[in-house]
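# Notes for the structure review
Chain by chain, the residues run as shown.
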Amino acid sequence: MADLRNNFVGIKSPNPFWLASAPPTDKAYNVERAFKAGWGGVVWKTLGSEGPPVVNVNGPRYGAIWGADRRLLGLNNIELITDRPLQINLQEMKQVKMNWPDRALIASIMVPCVEEEWKAILPLVEETGADGIELNFGCPHGMSERGMGSAVGQVPEYIEMVVRWCKQYTRMPVITKLTPNITDIRHPARAAKRGGTDAVSLINTINSIVSVDLDNFAPVPTVGGKGSHGGYCGPAVKPIALNMVSEIARDEETYGLPISGIGGVTTWRDAAEFLVLGAGNVQVCTAAMTYGFKIVQEMISGLSDWMDEKGHRTLDDITGRAVPNVTDWKYLNLNYVAKAHIDQDACIKCGRCHIACEDTSHQAITSMVNGVRHFEVMEDECVGCNLCVNVCPVENCITMVGLEPGALDQRTGKVVDPTYANWTTHPNNPMAQVAAE
């Protein structure tokens with residue numbers, strides 16, 4: 001059986017599945033139940049400075065995007081950091097860690113960008129026995145307007161400065177949580193590394209308004225007739241998260257920096273995709289809020305079964321395995337040619353492939369042959385875009401088949417060249433022409 005034990009920057013847990021800092025980790029009652037369900041670790045909901053508690057709204061806090069089957073695809077969240085007193089949180093964290101010494105317990109922290117504020121809270125957190133801290137530089141709403149959250153995460157110089165403070169004032173490993181609300185995720189990651197961070201975690205939520213109530217003309221969720229932007233999370237953000245994780249994993253300046261992957265992890269397969277793209281573990285929130293804490297059991301068994309099937313013994317065997325295969329567009333092989341193929345036995349003759357190709361692509365799929373409804377790819381028109389594969393409702397009915405070197409591409413009339421060629425050397429590339437001169 002695959003060994004799922006996880007060692008992330010020295011923080012050990014029985015599996016790589018942690019609950020992210022969010023409502024599910026707001027109190028000991030939740031965290032204890034999560035550990036009983038099988039979660040390997042939790043990041044406690046973000047703590048603030050001592051003093052008056054944070055004030056959350058008392059009305060709706062979530063907006064949602066659903067699929068056609070009412071499956072939840074994304075949540076918009078306007079809740080702030082914990083509104084429970086700091087000392088209560090600290091007491092509960094200490095007790096939970098004593099009760100569950102084999103589980104990872106991380107304290108998420110967000111205080112003003114002032115050295116004395118960080119210096120004051122770090123020893124209090126350290127006294128709980130927490131395994132590490134996560135610096136919340138990600139929240140795009142509420143706290144950011146106060147100069148915290150993404151207001152810090154969008155300024156690399158601030159990130160580096162605060163990370164240095166934390167490394168100076170605590171023995172605990174420091175995980176820097178990055179905001180996706182930035183043009184190039186590599187810059188804040190590099191800044192965190194310069195500051196001495198032990199790891200980064202990403203992505204935090206995406207700034208968003210998910211919908212508008214067309215009866216009262218206010219964003220959803222609506223509080224007293226008004227709405228606000230919030231943080232978007234859930235399955236819909238996974239593609240953005242995967243890209244940002246891979247950007248950090250393959251960047252020369254941050255290569256080898258441990259990454260905790262966050263963003264839309266709902267199944268074991270989602271988790272595996274984050275791991276092979278360079279994440280050392282994953283954090284989950286929306287899936288737990290949608291399906292409950294026990295969903296982790298399916299994640300654990302699914303990941304273990306897949307690793308057994310593929311012959312992977314430990315997480316180290318798969319972590320980062322896909323990173324060398326992530327590249328820039330300009331390095332893709334322009335001599336690779338593929339064509340769509342429709343399995344006639346599996347085809348249900350719905351016609352979606354034809355409609356998509358005919359109306360929006362390359363008019364390469366028939367609808368009638370000899371007066372009979374029939375869908376087949378015309379190779380002399382197919383550019384291999386695979387739109388038909390993605391709109392087909394039958395899994396594996398349409399597949400992409402690569403042409404062997406030396407085969408004739410009926411669309412271009414050229415023989416498939418076996419050599420590798422990319423845009424950097426293509427004669428149509430003006431930069432290549434300049435370089436040749």
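Use the structure listed above.
Report follows, based on the coordinates. (Residues numbered from 1 in each chain as written. Predicted model: local features only at pLDDT ≥ 70, side-chain atom pairs only at ≥ 80, totals over all residues. Heavy atoms only, no water.)

## Points about the overall build of the protein chain
If you tally the helices and strands in the protein chain, you get 13 helices and 22 strands. When its C-alpha atoms are laid out on the principal axes, the protein chain stretches across 80 × 60 × 50 Å. By the burial criterion, 50% of the 437 residues in the protein chain qualify as buried. At a minimum sequence separation of 6, the contacts of the protein chain that also span at least 24 residues come to 70%. Accessible area of the protein chain: about 21,000 Å², with a carbon and sulfur share of 52%. (Helix = DSSP H or I, 4+ residues; strand = E, 2+ residues; numbered from the N terminus. Buried < 20%, exposed > 50% of the residue type's maximum accessible area, 1.4 Å probe, protein only. Contact = heavy atoms within 4.5 Å. Areas by Shrake-Rupley, 256 points an atom, 1.4 Å probe, with all protein chains shown as cover.)

## Quick word on the packing of aromatic side chains
Within this structure, the stated rule accounts for four aromatic pairs. With 5.9 Å between their ring centres and 85° between their planes, Phe8 and Trp18 make a pair best called edge-to-face. Here Phe8 is found in strand E1 (residues 6-8), whereas its partner Trp18 is found in strand E3 (residues 17-19), with 10 residues between them in sequence. Grouping residues by exposure puts Phe8 and Trp18 together as buried. In this structure, Arg70 is placed above the aromatic ring of Trp66, and the distance from its NZ or CZ to the ring centre is 3.9 Å. (Phe/Tyr/Trp six-rings, centres within 6.5 Å; stacked < 30°, edge-to-face > 60°. Lys NZ or Arg CZ within 6 Å of the ring centre and 35° of its normal.)

## Topic: empty space enclosed by the protein
Considering all chains together, one arrives at four cavities of 30 Å³ or more under this definition. A volume near 440 Å³ is recorded for the largest cavity. Lining of the largest cavity is provided by 35 residues; of these, Ser21, Ala22, Asn204, Thr205 and Cys285 occupy positions nearest its centre. Sorting the residues of the lining of the largest cavity by element identifies strand E4 (41-47), strand E6 (72-77), strand E14 (230-233), strand E16 (281-284) and helix H9 (286-291) as the ones contributing at least two each. Here the residues of the lining of the largest cavity sort into 19 nonpolar, 13 polar and three charged. Of the pockets and cavities examined, the second largest cavity occupies roughly 100 Å³. Lining the second largest cavity are 15 residues; nearest its centre among them are Cys357, Ala364, Cys382, Cys385 and Cys388. Counted by class, the lining of the second largest cavity contains 11 nonpolar, four polar and no charged residues. (1 Å grid on protein atoms, 1.4 Å probe; cavity = no way out; pocket = protein on both sides within 12 Å on 5 of 7 lines; lining within 4 Å. Points joined across faces, edges and corners; volume = space filled by probe spheres on them. Nonpolar A, V, L, I, M, F, W, Y, C, P; charged D, E, K, R; others polar.)

## Let's talk about the packing of helix H3 (residues 115-126) against helix H5 (residues 156-169)
Packed helix pairs are specified by the crossing angle of their axes together with the interaxial distance, meaning the distance between the axes. Close contact between H3 and H5 brings their axes to 9 Å; oriented N to C, the two are set at 40°. The angle between the axes of H3 and H5 places the two elements in the oblique class. Seen along the crossing, H3 lies across H5 with a hand that is right-handed. Contacts between H3 and H5 involve Glu115, Trp118, Lys119, Leu122 and Glu126 from the first element and Val162, Trp165, Cys166, Gln168 and Tyr169 from the second. The class makeup of the residues in the contact of H3 with H5 is six nonpolar, one polar and three charged. (Axes fitted to C-alpha atoms, helices over the stretch in contact; angles between N-to-C directions. Parallel < 35°, antiparallel > 145°, perpendicular 65-115°, else oblique. Left-handed = near helix turned anticlockwise from the far one by under 90°.)

## Let's talk about the environment of Arg250
Topologically, Arg250 is positioned in helix H7 (residues 238-250). Assessed through its relative accessible area of 27%, Arg250 is described here as partly exposed. Once the C-alpha coordinates of Arg250 and Val323 are considered, the two residues, 73 residues apart in sequence, prove to be 6.4 Å apart. Apart from residues lying up to four places away in sequence, Arg250 is in contact with Val323, Val326, Thr327 and Asp328.

## Concerning the sheet that holds strand E11 (residues 206-208)
Here four strands make up an open sheet; going across it, the order is E5-E6-E14-E11 and the pairing antiparallel. If you trace the sheet from one side to the other, it starts and ends with strand E5 (62-66) and E11, each paired once. Shown here is a sheet whose adjacent strand axes are inclined to one another by a mean of 35°, direction ignored. (Pairing = 2+ DSSP bridges.)

## Some points on the packing of H7 against helix H8 (residues 268-276)
Where H7 contacts H8, the axes come no closer than 9 Å and their chain directions differ by 20°. Here H7 is positioned roughly parallel relative to H8, judged by the angle of their axes. Listed contacts from H8 to Lys238, Ala241, Leu242 and Val245 of H7 are Asp270, Glu273 and Phe274.

## Remarks on the pairing of E4
Along any regular strand the residues' side chains alternate between the sheet's two faces. Counting buried residues in E4 gives seven out of seven residues, a clear majority hidden from the surface. Summarising the sheet, E3 and E4 pair through two bridges and their orientation is parallel. When the sheet's bridge partners are listed, Trp18 is paired in E4 with Gly41. With helix H1 (residues 28-37) bridging E3 and the parallel E4, this β-α-β connection has right-handed handedness. Two elements, E4 and strand E7 (residues 104-109), share five bridges in a ladder whose sense is parallel. What sits directly across from Val42, in E7, is Leu105. (Right-handed = clockwise from strand over helix to strand, strands pointing away.)

## So, the side chain of Ser21
With respect to the helices, strands and loops of the structure, Ser21 is situated in the loop between E3 and H1. Here the side chain of Ser21 touches Trp44 through a polar contact of 3.3 Å, landing on its backbone oxygen. A polar atom in the side chain of Ser21 sits 3.1 Å from the backbone nitrogen of Thr46. Residues in contact with Ser21, not counting those within four places in the same chain, are Val43, Trp44, Lys45, Thr46, Ser108, Glu134, Lys177 and Gln283. (Polar contact = N/O pair within 3.5 Å; in protein donor to acceptor, adjacent residues only side chain to side chain.)

## So, a nonpolar patch on the surface
Side chains of Ile209, Val212, Leu214 and Phe217 sit close together on the surface and give an oily, nonpolar patch of about 460 Å² of accessible area. On the secondary structure map, Leu214 appears in the loop between strand E12 (211-213) and strand E13 (218-220). Given the relative accessible area of 65%, Leu214 is considered exposed. (Patch = residues over 30% accessible without salt bridge, like charges linked within 9 Å, V, L, I, M, F, W, Y side chains within 5 Å. Salt bridge = Lys/Arg side-chain N within 4 Å of Asp/Glu carboxyl O.)

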